[in-house]
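So you can see what is in the structure, the chains are spelled out below.
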Amino acid sequence: MILFDASKCVSCNSCIRVCPTPEANKAILTENGKTIYNIDKNKCIRCGTCVKECSHGARTYEDDTESFWNDIKNGQPVALLVAPSIKVGFDGCWRNVLEYLRNNGVKDIYDVSFGADICTWGHLRYLRKNPGKKLISQPCPAIVNYILKYCHDAIPSLSPVHSPILCAAIYLRKYLGIKTKLAALTPCIAKRDEFQMTGIVDYNVTFEHLGKLLESNGFHLADQKGKRSAFEFNGPQGIMGAIYPRPGGLKACLELEAPNLSVISSEGTDHIYRELAMYPTVSDRDLPSVFDALSCGRGCGSGPAIGTPLSVYKMNGILHGIEKYNKNNRVKFDRKGRDKQFLAFDKELKLEDFLREYTPQDINLRTFTDEQIDEVLHQLGKHTPTEMNYNCHACGFSTCRDLAKAILDGVSMPNSCAQRNLNEAARRQSHIEQTNTSISDITAQLSTVVSSLTESIQSVTEAAGGITRLNSQNHDEITALSDVVAELRTLTDNINSSMGSINDSVTGFEKMTRSISDIARQINILAINASIEAARAGEAGKGFSVVAEEVRSLAQHSQTAVTEAEASNRLVFSNIDDVNVIVGTINERMSDILSMMESMRSNISTTLEKGSDISTAMTDVSGITSTVDCLVSRAEDILNEI
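Residues numbered from 1 in each chain as written. Predicted model: local features only at pLDDT ≥ 70, side-chain atom pairs only at ≥ 80, totals over all residues. Heavy atoms only, no water.

A.B. asks: For this particular structure, what's the right way to read the packing of aromatic side chains?
C.D. replies: Aromatic ring pairs are defined here through the distance separating the ring centres and the angle between the ring planes. Across all of its chains, the model carries 16 aromatic pairs by this definition. Taking the centre distance of 6.4 Å and the plane angle of 5 degrees together, the rings of Trp-69 and Tyr-100 count as stacked. Here Trp-69 is found in helix H3 (residues 65–73), whereas its partner Tyr-100 is found in helix H5 (residues 94–103), with 31 residues between them in sequence. In this structure Tyr-100 comes out as buried when scored by relative accessible area, which is 17%. Ring geometry for Tyr-279 against Phe-291: centres 6.2 Å apart, planes inclined by 10 degrees, an arrangement best described as stacked. Placement of Tyr-279 in the loop between helix H13 (272–278) and strand E11 (290–294) and of Phe-291 in strand E11 is noted, with a sequence separation of 12 residues between them. The pair formed by Tyr-279 and Phe-291 is uniform in burial state, with each residue classed as buried. (Phe/Tyr/Trp six-rings, centres within 6.5 Å; stacked < 30°, edge-to-face > 60°. Helix = DSSP H or I, 4+ residues; strand = E, 2+ residues; numbered from the N terminus. Buried < 20%, exposed > 50% of the residue type's maximum accessible area, 1.4 Å probe, protein only.)

A.B. asks: Can you help me understand empty space enclosed by the protein in this one?
C.D. replies: Any empty space left between the atoms is revealed when a probe the size of a water molecule rolls over them. For the structure shown, the criterion picks out 6 cavities of 30 Å³ or more. Of the voids in this model, the largest cavity is the one considered here, and its volume is about 370 Å³. Pro-139, Cys-140, Lys-191, Leu-294 and Cys-300 are, among the 32 residues lining the largest cavity, the residues nearest its centre. In the lining of the largest cavity, the residues fall into 21 nonpolar, 7 polar and 4 charged. (1 Å grid on protein atoms, 1.4 Å probe; cavity = no way out; pocket = protein on both sides within 12 Å on 5 of 7 lines; lining within 4 Å. Points joined across faces, edges and corners; volume = space filled by probe spheres on them. Nonpolar A, V, L, I, M, F, W, Y, C, P; charged D, E, K, R; others polar.)

A.B. asks: Any chance you could explain the layout of surface pockets here in plain terms?
C.D. replies: Approximately 1000 Å³ is the volume attributed to the largest pocket. Looking at the largest pocket, it is lined by 33 residues, and the ones nearest its centre are Pro-20, Thr-21, Pro-22, Glu-23 and Asp-402. If one sorts the elements of the lining of the largest pocket by residue count, H13 sits on top with 4 residues. Class assignment for the residues of the lining of the largest pocket results in 16 nonpolar, 8 polar and 9 charged. Taken together, 16 residues line the second largest pocket, and the ones lying closest to its centre are Gly-89, Phe-90, Leu-221, Gly-307 and Thr-308. Among the secondary structure elements, those contributing two or more residues to the lining of the second largest pocket are helix H10 (207–216) and helix H11 (221–224). It is H10 that provides the largest number of residues to the lining of the second largest pocket, a total of 5 residues.

A.B. asks: So what exactly am I meant to see when it comes to the nonpolar core here?
C.D. replies: If you look at soluble globular proteins, the nonpolar side chains tend to sit buried side by side. One finds Ile-2, Ile-136, Ile-143, Tyr-146, Ile-147, Tyr-273 and Leu-276 to be the most contacted residues of the largest nonpolar core, which totals 55 residues. Among the elements of the structure, helix H1 (14–18), strand E3 (35–39), helix H2 (49–53), helix H7 (141–150), H13, E11, helix H16 (370–379) and helix H18 (400–408) are those that each provide at least two residues to this core. With 7 residues, H7 is the largest single contributor of residues to this core. For Ile-143, the residues in contact, after removing those within four places along its chain, are Ser-137, Ile-272, Tyr-273, Leu-276, Ala-293, Leu-294 and Ser-295. Residues Val-112, Tyr-126, Ile-243 and Phe-342 belong to the second largest nonpolar core, which totals 45 residues. (Core = buried A, V, L, I, M, F, W, Y, C linked by side-chain atoms within 4.5 Å. Contact = heavy atoms within 4.5 Å.)

A.B. asks: What is the right way to look at the sheet that holds strand E8 (residues 181–186) in this model?
C.D. replies: The pairing of strands in a sheet comes from backbone hydrogen bonds and takes either a parallel or an antiparallel form. Taken together, the 4 strands give an open sheet; going across it, the order is E6-E5-E8-E9, and neighbouring strands pair in parallel fashion. The outermost strands of the open sheet, each flanked by one partner alone, are strand E6 (109–111) and strand E9 (203–206). Neighbour to neighbour, the strand axes of the sheet diverge by 30 degrees on average, direction disregarded. Strand direction decides the pairing type here: strand E5 (residues 78–82) and E8, joined by 5 bridges, are parallel. In the strand pairing of E8, Leu-81 is matched with Ala-184. On the sheet, helix H6 (residues 112–129) packs against E5 and E6 and is oriented at approximately 40 degrees with respect to E6. (Pairing = 2+ DSSP bridges. Axes fitted to C-alpha atoms, helices over the stretch in contact; angles between N-to-C directions.)

Structure representation (structure tokens):
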């Protein structure tokens, strides 16, 4: 079975281009818009051409190598049939490979070349029994798959003689009585289909996968080159059947036995399947007796599971040497020129044991009218005869009409058409040029908008700078105001102290006033007494003397009081002067405070104006942003249309 790894597919269309049955591919559109091709196993003929062509590893295959190896390692008896192409499959060390297998559980190993000789004999005997019969050879299972699925009209001509491997397997089963499971070592992916359809062989082990398995088990092919091996096949070995792997191998074997037999050979997917599709339309007189058809261009020696193929020169040299040796040393004829091997087959074998029947496979191929195909071509932008028959093969299909049918069938998609993609690219180029013009206009408008935005931002920056300066100035003013207030607090404390002194002085004045009042009262009393004594003038001499003394004493007290009053007066006036100075200072500081407050009010007013300017500028910026959004939205719409 052919396997597909989507992660490795690069949409190069190589697989479609080489596939002889493009209908076997299923188009899938990936998330990133690429078209990749999975495989429809019901329509695939397993020719393996896509596997050989895909250099990205997206197409691989599976076979029975792993299960075969596990079974023999578990002790299950399995006989191995080896295709003659092994001589070009392991480049000089094929005997070492088979010896290794024998030493690791495969006891019986048989040469399929012997089955190829039976196949040649079977064709000759079948044609003898059916004179005039026209045959298409069937050693190649991909050819059989194609005819059973796509070319039902050619089934009657498909040779009923089994392939060399199945001829060998039938011989082992029916004539040697071997009952164990049978494995076939081949270079072919499609052999698995043949084995499943006939039920005779159990495993298809391919050269390539076996080689990898041996390498993983420490058996390195490079180390075996030049080493001789004594390996020999079990059972009979083939003679001329050994050249079947080369192009025209069956033809050469048939002509060796029947030189007058009409046989032509054809190989290679680039033309063999077209020739097979044409086969039912050709008249019998133009058809050869045997059409020796192989899918691989250089025969089985270049099969898709061969591993590393040899050059055509080395491959031909090996097979030519085998052919020359066998012709000269192993082919034996009796006196009548009859092949002794085939005469032995006539005695030992029954032709009927080596014949098979075929059942056509219905793969539900759809057919489409010319009108439907033309409609798809028109959708691809193809309208003129030249455009509708551009046939560039870039899509992987031979003609534009084949692509259109594949699109109708879901096998391909419109984006596979290179001409459509070129036209679409031209349309997009034109659209891109228009878009570039529109983008240029938008860019110019954006440039203008950015200029306005820059001016608005500059205004905002200047306004913000002014606010910063004013705030700094307000901070300095508030600091100075705080100092003034502290100074006023100190002055207030001094006023309170001075007022305390004034209160003390006023209290002194009250005491002195009371003293003076008392003196005056006493003087008044003395004056009255003096008046009385005056009436007694004669006797008053002594009293006047006492009165006079008292008056003097009172005078001294008055003088003292007056002196104290003057001192207090001076102190009061001094304190009053201090208060006046303090009050004057307070008035000056209040003027400073009022000036600072006026400056702060002016700054705050200016700050409010700057804030209003910023608000206005930000409104302008908002409007500019809205304009930018509109322009960007227009640009996005234009780009989305590309």
